[in-house]
Amino acid sequence: MNATYNHRDWRWQMRHRIRSVAELQQRFPGLRSKMAGIAEEAAHFAMAIPPYYAALIQRADARDPIFRLAVPQAVELCDPPHLAADPLGEEKHTPLPGLIRRYGDRALVLATNTCAMYCRHCDRKRLTGARETALPPMALERIASYLRIHPEIHDVIISGGDPLTLSELALERLLTAIRSVPSVEIIRIGTRMPVTLPQRITPALVKLLRRFQPLWINTQFNHPRELTSEACAALARLADAGFPLGNQSVLLRGVNDSAKILEELLRGLVRHRVRPYYLFQCELVRGVEHFRVPVRRGLKIMAQLRRRLSSLAIPTYVLDTPTAGKIPLSAATIVSAATKKIVLRGPRGQLIAYPEPVGR
Ligand code: SF4
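Here the structure is a predicted model, which means the values were calculated and not measured. Per-chain numbering applies: the sequence of each chain, read as written, is numbered from 1 onward. Where totals are concerned, whole chains, interfaces and linings use all residues; where local detail is concerned, this predicted model gives features only for residues with pLDDT of at least 70, and gives and counts side-chain atom pairs only at 80 or more. Side-chain figures throughout are based on the complete set of non-hydrogen atoms in the structure, without hydrogens or water.

**Digging into the nonpolar core**
Buried residues of nine kinds, namely Ala, Val, Leu, Ile, Met, Phe, Trp, Tyr and Cys, make up a nonpolar core once their side-chain atoms join them within 4.5 Å. Any residue under 20% of the maximum accessible area for its type is buried, any over 50% is exposed, and the rest in between are partly exposed; the area is computed with a 1.4 Å probe on protein chains only. Within the largest apolar cluster, 110 residues are counted, with the highest numbers of intra-cluster contacts made by L24, I49 and Y53. Both domain 1 (3-77) and domain 2 (90-316) contribute no fewer than three residues apiece to this core. Apart from residues lying up to four places away in sequence, Y53 is in contact with I66, L69, A70, M117, R192, V195, T196 and E226. Core analysis: the next-biggest nonpolar cluster, separate from the first, contains 6 residues, F45, A48, Y118 and C122 among them. Those domain boundaries reflect an automatic or database domain assignment. Here, residues are in contact when the closest pair of their heavy atoms is within 4.5 Å.

Now the structure itself:
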């Protein structure tokens, strides 16, 4: 195979991901002086960067948003005490291995703990990357049986890790098992593959997924530079095949915490038939303090976006909470906002405190 062909092959991209500090240094020789901190963090939380995504980095420096999303930094180890490994309490809502149920009518299947890239802001750092495994067939059977005896679950979200790292055969098994449950109306796939490895959205994959409609696909573009020609072609393949597409960005300091950057991203998504769905406030997860943006600032950005964009391009700015689910962040839900802490009112009237980032 020649090099051009290789780069277009998603399996080649997966095999050639940057996985070690030595490979990172080889790809970005200018990083030599920062290697000690990077190595310490990479040992703590897995690193993987496909060559495709690494090529989007314009300078090997944390001021580059793409670099910041992909490359470990020593600051990831500076956790204030309000951060936790599992801030949403997903482990407590796990009736079976591989299944999370935080809502009555929905359930989430953790299909794999493999991703093409291990995003530095990931809120499932506790699960992803350490060992790249997928849900065993026996666990899948148990999940299908659970869904059968819980017909109140109508909506199954397949997540992970990234489910589209699975082979077509494994995906077919997974989707067949879930679709065999008559009460499951909608399947949603949460994937960052259109962003980090768009070569994965092959015609064969699209053909397979079409057999399991109605199927929604939610992706996570965080910066307009991720909307490359390859990514846009992948989105077009999915949209042309009839999948409703949504995007769930995370508000991240130094990546997209400006109305100008988000406007460009949101306009680009709508242009490519992707509906901006959520803009998440960063979870209180270990290793992400340096990404956190004060809610006060997030609200200002949203107000600016509302003045500039049509409602079609405006995502709902939300905080996911362990006790009240997703709460929209707006004047209507914020009871008080101090420098160190905001207090929100949940859907049942409960008060929820959220610490703002340290020192901002
Ligand atoms: S693709 Fe999703 S699950 Fe995987 S590391 Fe990124 S944010 Fe986490």
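**Quick look at the sheet that holds strand β1 (residues 99-100)**
In space, the 9 strands of this open sheet follow the order β1-β2-β3-β4-β5-β6-β7-β8-β9, with mixed pairing throughout. What marks the edges here is a single partner per strand, and that holds for β1 and β9 (325-328). By the bridge criterion, 2 bridges tie β1 to strand β2 (residues 106-110) in an arrangement that is antiparallel. If you follow L99 over to β2, its bridge partner there is V109. Axis definition: a line fit to C-alpha positions, over the contact stretch in the case of helices; interaxial angles, taken between N-to-C directions, run 0 to 180 degrees. Helical segments are the DSSP runs of H or I of at least four residues, strand segments are the runs of E of at least two, and each set is numbered from the N terminus. Contacting β6 (245-250) and β7 (275-280), helix α12 (residues 259-271) runs over the sheet at an angle of about 145° to β7. In this scheme, strands are said to pair when DSSP sees at least two bridges between them.

**Section: the domain arrangement of the protein**
In terms of domains, the protein is made up of domain 1 (3-77) and domain 2 (90-316). On the domain 2 side, the residues contacting the 31 residues of domain 1 number 41 residues. Here, a salt bridge means any side-chain nitrogen of Lys or Arg that lies within 4 Å of a carboxyl oxygen of Asp or Glu. Linking domain 1 with domain 2 are 5 salt bridges. Notably, a salt bridge pairs R19 with E132, separated by 3.4 Å at the nearest N-O pair. Pairs of N or O atoms are called polar contacts if they sit within 3.5 Å, as long as, within protein, a hydrogen donor faces a hydrogen acceptor (for residues adjacent in sequence, only side-chain-to-side-chain pairs). Between the two partners, domain 1 and domain 2, sit 17 residue pairs in polar contact (both at pLDDT 80 or more). Looking at the side of domain 1 that touches domain 2, the elements that each hand over two or more residues are α1 (3-8), α2 (10-15), α5 (51-54) and α6 (65-70). Amino acid classes used here: Ala, Val, Leu, Ile, Met, Phe, Trp, Tyr, Cys and Pro are nonpolar; Asp, Glu, Lys and Arg are charged; the rest, including Gly, are polar. Of the residues assigned to the side of domain 1 that touches domain 2, the class counts are 19 nonpolar, 4 polar and 8 charged.

**Quick word on the packing of helix α8 (residues 168-179) against helix α10 (residues 203-210)**
At a minimum axis distance of 10 Å, the contact between α8 and α10 shows a crossing angle of 10°. Relative to α10, α8 is oriented roughly parallel. Listed contacts from α10 to E168, L171, E172 and L175 of α8 are A204, L205, L208 and L209. Each residue belonging to the contact of α8 with α10 can be placed in one class, and the counts come to 6 nonpolar, no polar and 2 charged. Small angles under 35 degrees read as roughly parallel and large ones over 145 as roughly antiparallel, with 65 to 115 read as roughly perpendicular and the rest as oblique.

**A short note on the site of the ligand**
If you check the shell around the ligand, you find C115, M117, Y118, C119, C122, T128, G161, R192 and Q220 and nothing else. Taken together, the residues of the shell around the ligand break down into 5 nonpolar, 3 polar and 1 charged. Definition of nearness: a residue and a molecule or strand are near each other if at least one heavy atom of the residue lies within 4 Å of the molecule or strand.

**Thoughts on the packing of helix α7 (residues 137-148) against α8**
The geometry of a pair of packed helices is captured by two quantities: the angle between their axes and the separation between those axes. The geometry of α7 relative to α8 is characterised by a closest axis approach of 9 Å and an angle of 20° between their N-to-C directions. On the basis of their axis angle, the class for α7 and α8 is roughly parallel. Of the two possible hands of crossing, α7 and α8 adopt the one that is right-handed. Note on element contacts: α8 touches α7 through R173, L174, A177 and I178, opposite L140, A144, L147 and R148. For any pair of crossing helices, the crossing counts as left-handed if the nearer helix is rotated counterclockwise from the farther one by less than a right angle, and right-handed if it is rotated clockwise.

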